[in-house]
Amino acid sequence: MVPLAKAFFSEVRTVYAPLTAVLGLTGPEESELVLPNAHYKGPVVEYRISLDYSEGTVGCSVELDADIFFLTVDLEPLAIALGVVEKRGGISFSARNLKQLRKSLEGQADYVRRVHPLLADAATAEDLMRRAGARQWNKGAP
């Protein structure tokens, strides 16, 4: 495990711990299959926090799992589309060192806190995510 990955998981748990109780999230589920990532699940949507070593960035995406497809969208465009943030550039994505990683995770967690209440209903969440430019991935036949 790369040292920053170990710090990544610890920092994500620290930053997101207060949100789990307040927003009703479960997790984290942690994985290093391709890149280190942590998942937090709510009743309707899931948040995926990922560390990209090569770019030195950390990002958060929002996912909605429907019956025959799932939608995914990056957190910042979703926050802008929902009107909880006015413009791009309000949060950091840099993770080249521990200080930058912490700052980025804290800013992204604040965005999660703002958007989550608006995504409480599956039908509404799907519409809002589509308006934010979510990508759709169709599931294969059962």
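**As for the overall build of the chain**
A count of helices and strands for the chain gives 4 helices and 6 strands. Each helix and strand of the chain, ordered N terminal to C terminal, gives the series α-β-β-β-β-β-α-α-α-β. Whereas a compact globule of 142 residues would reach a radius of gyration of roughly 14 Å, the chain reaches 15 Å, a difference of no more than 12%. For the chain, buried positions account for 42% of its 142 residues. Considering only contacts in the chain between residues 6 or more positions apart, those separated by 24 or more positions represent 55%. Accessible surface, the chain as shown: approximately 7,700 Å² in total, 53% of it carbon and sulfur. Distance from the positive charge centre (16 side chains) to the negative charge centre (18 side chains) of the chain: 6 Å.

**Here we look at helix 4 (residues 122–131)**
What helix 4 keeps buried is the set A125, L128 and M129. Down the axis of helix 4, the buried set is contained in an arc of 100°. They therefore lie on one face. Projecting away from the buried face of helix 4 at angles above 90 degrees are the exposed residues A123 and R131. Put simply, D121 is the residue that caps the front of helix 4, since its side-chain oxygen is 3.3 Å from the backbone nitrogen of A123. In the segment just after helix 4, G133 is the residue with positive phi, at about 90°.

**Quick notes on the side chain of E63**
Checked against the element boundaries, E63 lands in strand 4 (residues 57–65). Overall, the relative accessible area of 13% leaves E63 in the buried class. One polar contact links E63 to R48, side chain to side chain, over a distance of 2.7 Å.

Criteria and thresholds
- Residues numbered from 1 in each chain as written.
- Predicted model: local features only at pLDDT ≥ 70, side-chain atom pairs only at ≥ 80, totals over all residues.
- Heavy atoms only, no water.
- Helix = DSSP H or I, 4+ residues; strand = E, 2+ residues; numbered from the N terminus.
- Rg over C-alpha atoms; globule rule 2.2 N^0.38 Å.
- Buried < 20%, exposed > 50% of the residue type's maximum accessible area, 1.4 Å probe, protein only.
- Contact = heavy atoms within 4.5 Å.
- Areas by Shrake-Rupley, 256 points an atom, 1.4 Å probe, with all protein chains shown as cover.
- Lys, Arg positive; Asp, Glu negative; His and termini not counted.
- Charge placed at Lys NZ, Arg CZ, Asp CG, Glu CD.
- Arc of directions from axis to C-beta.
- Polar contact = N/O pair within 3.5 Å; in protein donor to acceptor, adjacent residues only side chain to side chain.

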